[in-house]
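Geometric and topological summary
The primary structure of each chain is shown beneath.
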Amino acid sequence: MYSQALDGKVAVKSESMDFLEEFQKRIDAEEKIEPMDAMPAGYRKTLVRQISQHAHSEIVGMLPEGNWITRAPSLRRKIALLAKVQDECGHGLYLYAAAETLGVSREEMTEDLLEGRAKYSSIFNYPTLSWADIGAIGWLVDSAAIMNQIPLCRCSYGPYARAMVRICKEESFHQRQGFEIMLALCRGTDRQREMAQDALNRWWWPSLMMFGPPDSESRHSDQSMTWKIKRFSNDSLRRKFIDATVKQAEFLGLDVPDPDLKWDPDLNGGEGGFRHGAIDWEEFRRVISGFGPMAKERLAARRKAWEDGAWVREAARAHAAKTRSANRRDSAVSS
Ligand code: BYC
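Report on the accompanying structure. A quick note: this is a predicted structure, and the numbers were derived from the prediction, not measured.

The next thing to look at is the overall build of the protein. For the protein, the helix and strand inventory stands at 13 helices and 4 strands. Taken over the C-alpha trace, the protein has a radius of gyration of 22 Å; the compact-globule value for 335 residues is 20 Å, and the two agree within 12%. The principal-axis extents of the C-alpha atoms in the protein amount to approximately 75 × 50 × 35 Å. Taken over 335 residues, the protein has a buried fraction of 48%. Here the contacts in the protein between residues at least 6 apart in sequence split such that 74% fall between residues at least 24 apart. Total accessible area on the protein stands at roughly 17,200 Å², and carbon and sulfur atoms take up 56% of it. Taken together, the 48 basic and 48 acidic charged side chains of the protein have centroids lying 5 Å from each other.

In structure tokens:
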């Protein structure tokens, strides 16, 4: 019915109801789907879309923070920021490798990004204007990332789930590092506290948008949840994030920039939760359509890196070809 290989040559003869039902049974039994297993074309396509966009987000996500490496306020802060940005590069590489197991090449994924066919997270379209933004990214953006990514450790596709385990451990360290920067600023001078508040004002709403459109407009959620790629809806993760983060803002002595934020003791089955004000979904749609404040700069930086790296890819290919022909010669001599 299905034959497929890691080189992406997927021959789909048919997708009978029996095949789809058997596949869903494996998913429902919490079995992991592995690269050489038969899978519906839609499952593969959804994974390639999500994992590649996730990988692009990690790599583009290096840019706003990389912008502050030379201006970190101390050697200690510089070392920690360098390590964080390197971790993000590593996350991108694990994720590209996970997507490659589905038969798509790194070149294709990168071209999709550069040609605007693949997205990256909306959050990385905003500028980092002050050092406090580095604290706010670690605290808010990495918290949001963890909230969204912990459930991905249980994703039905094995290589993605396994990549997420290590990524989540590192993101959790990043979150603490960001919170600690915010804490230092909030316990500092008036000017430092103002910087921290200003960063929270600018990053709060974009952080809520990271979770994706409201459930009513999320076109992929239902199918992704049936396939156990996603475990929770966009809105439910967004609410969890708000509930956890508002208390942290209170601890920091900062005001969440949402006048409509209100504790409702009846939410979450009587455990209580925050009701939040309206999110500007027009802004979100603008940003994910390629019109975010830093969209041009982000893609230009990725394009330059890809073009500057062309000679490395060429040299690696030449080296691989040489090694292959040397191996062939050796095996001809020894046989
Ligand atoms: N930004 O049907 P929906 C990080 C798109 S990296 C841009 O709900 P889905 C970090 C969506 O792709 C953070 N686009 O989609 C790195 C779809 O468009 P297409 C990245 C978004 O997939 C460095 C359309 O809107 N994390 O944390 O079911 C430093 C409809 O949406 C966004 C991941 O990628 C957005 N925010 O759910 C620090 C996690 N939201 O593809 C931190 C993995 C939605 O049809 N991804 N869209 O053209 C996911 O969990 C899911 O893909 C999402 C969206 C929850 C993001």
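This next bit is on helix H10 (residues 234-252). Here H10 is 19 residues long and its end C-alpha atoms lie 27 Å apart, about the 27 Å a rise of 1.5 Å per residue gives. All of the buried residues along H10 are Asn-234, Asp-235, Leu-237, Arg-238, Phe-241, Ile-242, Asp-243, Thr-245, Val-246, Ala-249 and Leu-252. Tucked inside the fold, the buried residues of H10 contact helix H6 (131-149), helix H7 (158-186), helix H8 (190-209), helix H9 (221-226), strand E4 (273-275) and helix H11 (281-291). After H10 finishes, the residue Gly-253 shows a positive phi value of roughly 80°.

Around the ligand sit 32 residues, and of these Lys-119, Ser-218, His-220, Lys-230 and Asn-234 come closest. Between the ligand and the protein, one listed contact pairs an oxygen atom with a side-chain N or O atom of Arg-49 at 3.0 Å. Between the ligand and Met-209 there is a distance of 3.4 Å, counted from a nitrogen atom to a backbone nitrogen or oxygen. When isolated, the ligand has an accessible area of 1,000 Å², and the protein chains bury 93% of it. At a threshold of 2 Å from the grid points, most atoms of the ligand map onto the largest pocket. Of all the elements in the fold, those that place two or more residues in the shell around the ligand are helix H2 (41-60), H6 and H11. Of the residues forming the shell around the ligand, the biggest block, 6 residues, is contributed by H2. A class-by-class count of the residues in the shell around the ligand yields 12 nonpolar, 13 polar and 7 charged.

Tallied over the entire structure, the rule returns 23 salt bridges. Between Glu-22 and Lys-25 there is a salt bridge, with the nearest N and O atoms lying 3.2 Å from each other. Placement of the pair is Glu-22 and Lys-25 together in helix H1 (residues 17-28), with a separation of 3 residues, close to one helical turn. Taking the relative accessible area as the measure of exposure, Lys-25 reaches 53% and is therefore exposed. For Arg-77, the salt bridge identified is with Glu-180, shortest N-O distance 2.8 Å. Placement of Arg-77 in helix H4 (residues 75-100) and of Glu-180 in helix H7 is noted, with a sequence separation of 103 residues between them. Residue Arg-77 is classed as buried on the basis of its relative accessible area of 13%. Salt bridges here are not isolated pairs; linked through shared partners, they connect Glu-65, Lys-84, Glu-88 and Asp-142.

How each quantity is defined
Chains are numbered independently. Their residues run from 1 in the order of the written sequence. The model is predicted, so local features are restricted to residues of pLDDT at least 70 and side-chain atom pairs to those at 80 or more, both for listing and for counting; the totals for chains, interfaces and linings are taken over all residues. Derived side-chain values reflect all non-hydrogen atoms in the structure, with water molecules and hydrogen atoms excluded from consideration. In this text, helices come from DSSP runs of H or I with a minimum length of four residues, and strands from runs of E with a minimum of two, each type numbered from the N-terminal end. Our radius of gyration is a C-alpha quantity, and the globule rule it is checked against amounts to 2.2 Å times the number of residues to the power 0.38. A simple rule labels every residue: compare its accessible area, found with a 1.4 Å probe on the protein chains alone, to the largest value its type can have, and call it buried under 20%, exposed over 50%, or partly exposed in between. Throughout, a residue-residue contact means that at least one pair of heavy atoms, one from each residue, lies within 4.5 Å. All accessible-area figures derive from a Shrake-Rupley calculation using a 1.4 Å probe, and residue coverage is judged against the displayed protein chains alone. When charges are counted, Lys and Arg contribute as positive and Asp and Glu as negative, whereas His and the chain ends are disregarded. To locate a charge, take atom NZ for lysine, CZ for arginine, CG for aspartate or CD for glutamate. Helix span, as expected, comes to 1.5 Å for every residue beyond the first. In this text, near means that some heavy atom of the residue lies within 4 Å of the molecule or strand in question. Pairing of N or O atoms within 3.5 Å defines a polar contact, subject to two protein rules: one partner must be a possible hydrogen donor and the other a possible acceptor, and residues neighboring in sequence count only if both atoms are side-chain atoms. Space inside and on the surface of the protein is sampled on a 1 Å grid over the protein atoms alone, with a cavity defined as a set of points where a 1.4 Å probe fits but cannot get out and a pocket as an open set with protein on both sides within 12 Å along at least 5 of 7 lines; lining residues have an atom within 4 Å of a point. Those molecules having more than half of their atoms within 2 Å of a cavity or pocket grid point set are described as sitting in that cavity or pocket. We call Asp, Glu, Lys and Arg charged. Ala, Val, Leu, Ile, Met, Phe, Trp, Tyr, Cys and Pro are nonpolar, and the rest, Gly among them, are polar. Any carboxyl oxygen of Asp or Glu within 4 Å of a side-chain nitrogen of Lys or Arg constitutes a salt bridge here.

Remember, this is a structural readout, not a statement about activity or role.
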